[in-house]
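Results of the structural survey
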Amino acid sequence: MRLVCVMWSSQIATLNQALRRLPWVRASLYSTRALESDPAKAAEALERMGQADMVLLYRSTEPFWENLDSALRELARSRPVICLSHDPSFWALSSAAPA
């Protein structure tokens, strides 16, 4: 399974450690800090999301998210997107079935 994750830097390390126990998951991990500071990295992440089987996000308030939101809504039509956030309004980006 191909997984693309965008999380805070502090969460990436823990997620990466957990993914080592799941050899069947090929993950591309991106920190929000990297995407905020490098628009090319954000474009790369979005391209990988288009090839992924599932997308996992921790949506926050950095400005780069506004550039990704419409593309994420489109991606959510064809693959599971799980969007976590401290702000429940961002959870609406999720498309994965709760079951």
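Here, the structure is the one placed above.
Residues numbered from 1 in each chain as written. Predicted model: local features only at pLDDT ≥ 70, side-chain atom pairs only at ≥ 80, totals over all residues. Heavy atoms only, no water.

Side note on helix 4 (residues 64–75)
Applicable threshold: We count a stretch as a helix when DSSP gives it H or I for four or more residues in a row; a strand needs E for two or more, and each element gets its number in order from the N terminus. Helix span, as expected, comes to 1.5 Å for every residue beyond the first. Partly exposed describes any residue whose relative accessible area lies between the buried limit of under 20% and the exposed limit of over 50%, with all areas from a 1.4 Å probe on protein chains only and scaled to the type maximum. The arc under discussion is defined with respect to the helix axis, by the directions toward the C-beta atoms. Throughout, a residue-residue contact means that at least one pair of heavy atoms, one from each residue, lies within 4.5 Å.
Taking 1.5 Å of rise per residue, twelve residues should cover 16 Å, and helix 4 covers 17 Å from first to last C-alpha, within 8% of that figure. Where helix 4 is concerned, the buried positions are F64, W65, L68, D69, L72 and L75. On an axial view of helix 4, the arc spanned by its buried residues comes to 135°, and they lie on one face. Turned more than 90 degrees from where helix 4 packs its buried face, E66, N67 and S70 sit exposed. If you follow the buried residues of helix 4, they end up packed against strand 1 (2–7), helix 2 (32–37), helix 3 (39–51), strand 3 (54–58) and strand 4 (81–84).

Remarks on the packing of aromatic side chains
Basically, it comes down to this: Aromatic rings from Phe, Tyr and Trp, with only the six-membered ring used for Trp, were paired whenever their centres fell within 6.5 Å, and each pair was classed as stacked if the ring planes differed by under 30 degrees, edge-to-face if by over 60, and tilted otherwise. Working rule: Lys NZ or Arg CZ, within 6 Å of ring centre, within 35 degrees of ring normal, means a charge sits over the ring.
With the rule as written, the count across this model stands at two aromatic pairs. Taken together, a centroid distance of 5.0 Å and an interplanar angle of 65° make the contact between W8 and Y58 edge-to-face. Of this pair, W8 sits in the loop between strand 1 and helix 1 (9–19) while Y58 is found in strand 3, placing the two residues 50 residues apart along the sequence. On the accessibility criterion, W8 (35% relative accessible area) is partly exposed. Sitting over the face of the ring of F90, R59 holds its NZ or CZ atom 4.0 Å from the ring centroid.

A few points about the packing of helix 3 against helix 4
Put simply, the rule reads: A fitted line through C-alpha atoms serves as each axis, taken over the contacting stretch for helices, and the angle formed by two N-to-C directions is quoted from 0 to 180°. Note that the term roughly parallel is reserved for angles under 35 degrees, roughly antiparallel for angles over 145, roughly perpendicular for angles of 65 to 115, and oblique for everything else.
Taken N-terminus to C-terminus, the directions of helix 3 and helix 4 make an angle of 10°; their axes are 10 Å apart at the nearest point. Relative to helix 4, the element helix 3 is oriented roughly parallel. Along the contact surface, helix 3 presents A42, L46, M49 and G50, while helix 4 presents L68, A71, L72 and L75.

Observations concerning the side chain of R79
Rules: Charge assignment in this entry is limited to Lys and Arg as positive and Asp and Glu as negative, and neither His nor the chain termini are counted. The working definition used for a salt bridge is a side-chain nitrogen of Lys or Arg within 4 Å of a carboxyl oxygen of Asp or Glu. Polar contact criterion, stated in full: a pair of N or O atoms within 3.5 Å, where within protein one must be able to donate a hydrogen and the other to accept it, and residues adjacent in sequence count only if both atoms are side-chain atoms.
Its location among the elements puts R79 in the loop between helix 4 and strand 4. Buried and unpaired, R79 has D53 as its nearest opposite-charge partner, separated by 6.5 Å. Of the polar contacts made by the side chain of R79, one reaches the side chain of S78; its length is 2.8 Å.

Remarks on the sheet that holds strand 4
This is how the line gets drawn: Two strands pair under a simple rule: DSSP has to find at least two bridges between them.
If you trace the four strands from one edge of the open sheet to the other, you get 2-1-3-4, paired in parallel fashion. The open sheet is flanked by strand 2 (26–31) and strand 4, the only strands paired with a single partner. When strand polarity is set aside, the average angle formed by the axes of neighbouring strands in this sheet is 10°. Summarising the sheet, strand 3 and strand 4 pair through four bridges and their orientation is parallel. Note that in strand 4 the partner of V55 across the bridge is V81. Most of the contacts of helix 1 go to strand 2, to which it runs at about 165°, and overall it touches strand 1, strand 2 and strand 3.

Considerations on a nonpolar patch on the surface
Heads up, the condition is: Each patch groups residues whose relative accessible area exceeds 30% and which form no salt bridge, using 9 Å between like charges and 5 Å between nonpolar side chains of Val, Leu, Ile, Met, Phe, Trp and Tyr. Accessibility throughout is a Shrake-Rupley quantity obtained with a 1.4 Å probe, and a residue counts as covered only by protein chains that appear here.
Nonpolar side chains collect at one region of the surface, where M1, L22 and W24 lie side by side and expose about 300 Å² of accessible area between them. Inspection of the secondary structure assignment puts M1 in the segment before strand 1.

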